[in-house]
Amino acid sequence: MEPGNLITCVLALLFSTTESVSSAVCDVNIDPSRVVVRFGDPVTVNCSTTREDVLEAGWEASVSPVNEPNSKIAVWNVSSLTVWDAEPKCFINYMNEPRQCVEKLDLVIYKYPESVSLIAPDFMKIGEESNITCQVLDVAPARYLSVKLYKGDEQLGNRSFTHNSTRFPVNESIPFPVTPTRADNGAEYTCVAELQLGPGGPKPNPEKRSPPLKIPVFYKPSLLSAAEENVEVREGGSIVLNCSADGNPAPTYEWKYPKADNVQEITKDGVSTVNITRASSSNARVYECHAKNTYGVAMKNITLTVKGRSHWIGIGVLSVAVITVIVLIYRQIKA
């Protein structure tokens, strides 16, 4: 063989080997590699290859499929994506092995919740567990959904649905157990549904809040002052006995004592009083105050002592006698 022919054969062999090696790789590039799109919005994705032995490139999809003969690039373009199961795949057919390469697009189609609301009892009881339920309607996809319950600015619970693989909109009802205290009466609760869509998704994460909800907390009355009191009044004087308690519903008051014409009960602004005028010994006794509502009773005892006038009269008589003696002695000395 002539030297020139030998060199030509070697070069041809080397070229064919190199081409075979380069063609033996699936080279499919999708840009962007992950797409997060809102349901109904437009979407555009490029698919390409660097191999030269291309027969055709295209997209398999349930909407807007693409087929580009003799092209190294194919563009999937949808003006309004309104199907949940598009599942687009880019395919490229080659002359050499591997003859077809397929790459699935990482596509996330999302939808804001149609509504977020709270379902709760009309009231809660102190120390007893109740459920406050977050209801999230028509949201997708569930695996990126996070639902949180707040009391004011305090987060009480968080629930995610990472194992739910459905692509279609779902409804979720999430109960959160709450055991209220007295301080929670009048607290404001809010449910927040958040889509944590990850790379390529909108920032900040899209979320929707429920209207705030106040839930009354019911509890038995508790006294706002000591349960036992001892007070005094001078005979003929006046005194006011006070009784007040905190409870929900607001407590009603009942006094127990022998009724008398000089004793009057008044309840105003959550405070109940017994007003005694022209006090006499018959008013000296224990006055019981009962503050009660549906959930219990608190009782206060006030012991009233009435000091008789004779004590003060005796002191007055003694004082006059002493002054009289002093005057008489003074006159004798002057005489």
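Quick summary incoming for the structure in this document. (Residues numbered from 1 in each chain as written. Predicted model: local features only at pLDDT ≥ 70, side-chain atom pairs only at ≥ 80, totals over all residues. Heavy atoms only, no water.)

**A short note on the sheet that holds strand 10 (residues 115–119)**
Heads up, the condition is: Paired strands are those between which DSSP finds at least two bridges. Numbering of helices and strands starts at the N terminus; helices are DSSP runs of H or I of at least 4 residues and strands are runs of E of at least 2. Between the N-to-C directions of two axes lies an angle of 0 to 180 degrees, each axis being a line fitted to C-alpha atoms and, for a helix, fitted only over the stretch in contact.
Strands sit in the order 10-12-15 across an open sheet of three strands; the sheet is antiparallel. The two strands at the open ends of the sheet, each matched to only one other strand, are strand 10 and strand 15 (170–178). Here the strands of the sheet are splayed against their neighbours by 15° on average, with no regard to which way each runs. Note: strand 10 against strand 12 (residues 130–139), five bridges, orientation antiparallel. Looking at strand 12, one finds that S115 is bridged to L137.

**Comments concerning the nonpolar core**
Rules: Each nonpolar core is a collection of buried residues, namely Ala, Val, Leu, Ile, Met, Phe, Trp, Tyr and Cys, held together in the definition by side-chain atoms within 4.5 Å. Categorising residues by exposure relies on relative accessible area from a 1.4 Å probe, with only protein chains included: less than 20% of the type maximum marks a residue as buried, more than 50% marks it as exposed, and the intermediate range marks it as partly exposed. Contacts were defined at the residue level, with two residues in contact if any of their heavy atoms lie within 4.5 Å.
Residues I132, V147 and Y189 are the most contacted members of the largest nonpolar core, which totals 29 residues. The set of elements that each furnish at least two residues to this core consists of strand 9 (106–110), strand 10, strand 12, strand 13 (145–151), strand 15, strand 16 (188–195) and strand 19 (217–223). Apart from the residues within four sequence positions on either side, Y189 is in contact with L118, M124, I132, Y150, K151, L156, V178, D184, P211, P212, L213 and I215. Among the nonpolar cores identified, the runner-up in size contains 27 residues, and V63, L81, I92 and Y94 belong to it.

**A closer look at the state of the cysteines**
Rules: Pairs of cysteine sulfur atoms within 2.5 Å are what we label disulfides.
Enumeration over the complete set of coordinates arrives at four disulfides. The disulfide partner of C47 is C90, and the S-S distance across this bridge is 1.7 Å. Because the torsion about its S-S bond is -80°, the bridge between C47 and C90 counts as left-handed. Highlighted residues: C47 in strand 3 (residues 43–48) and C90 in strand 7 (residues 89–94), separated in sequence by 43 residues.

Geometry only, nothing functional implied.
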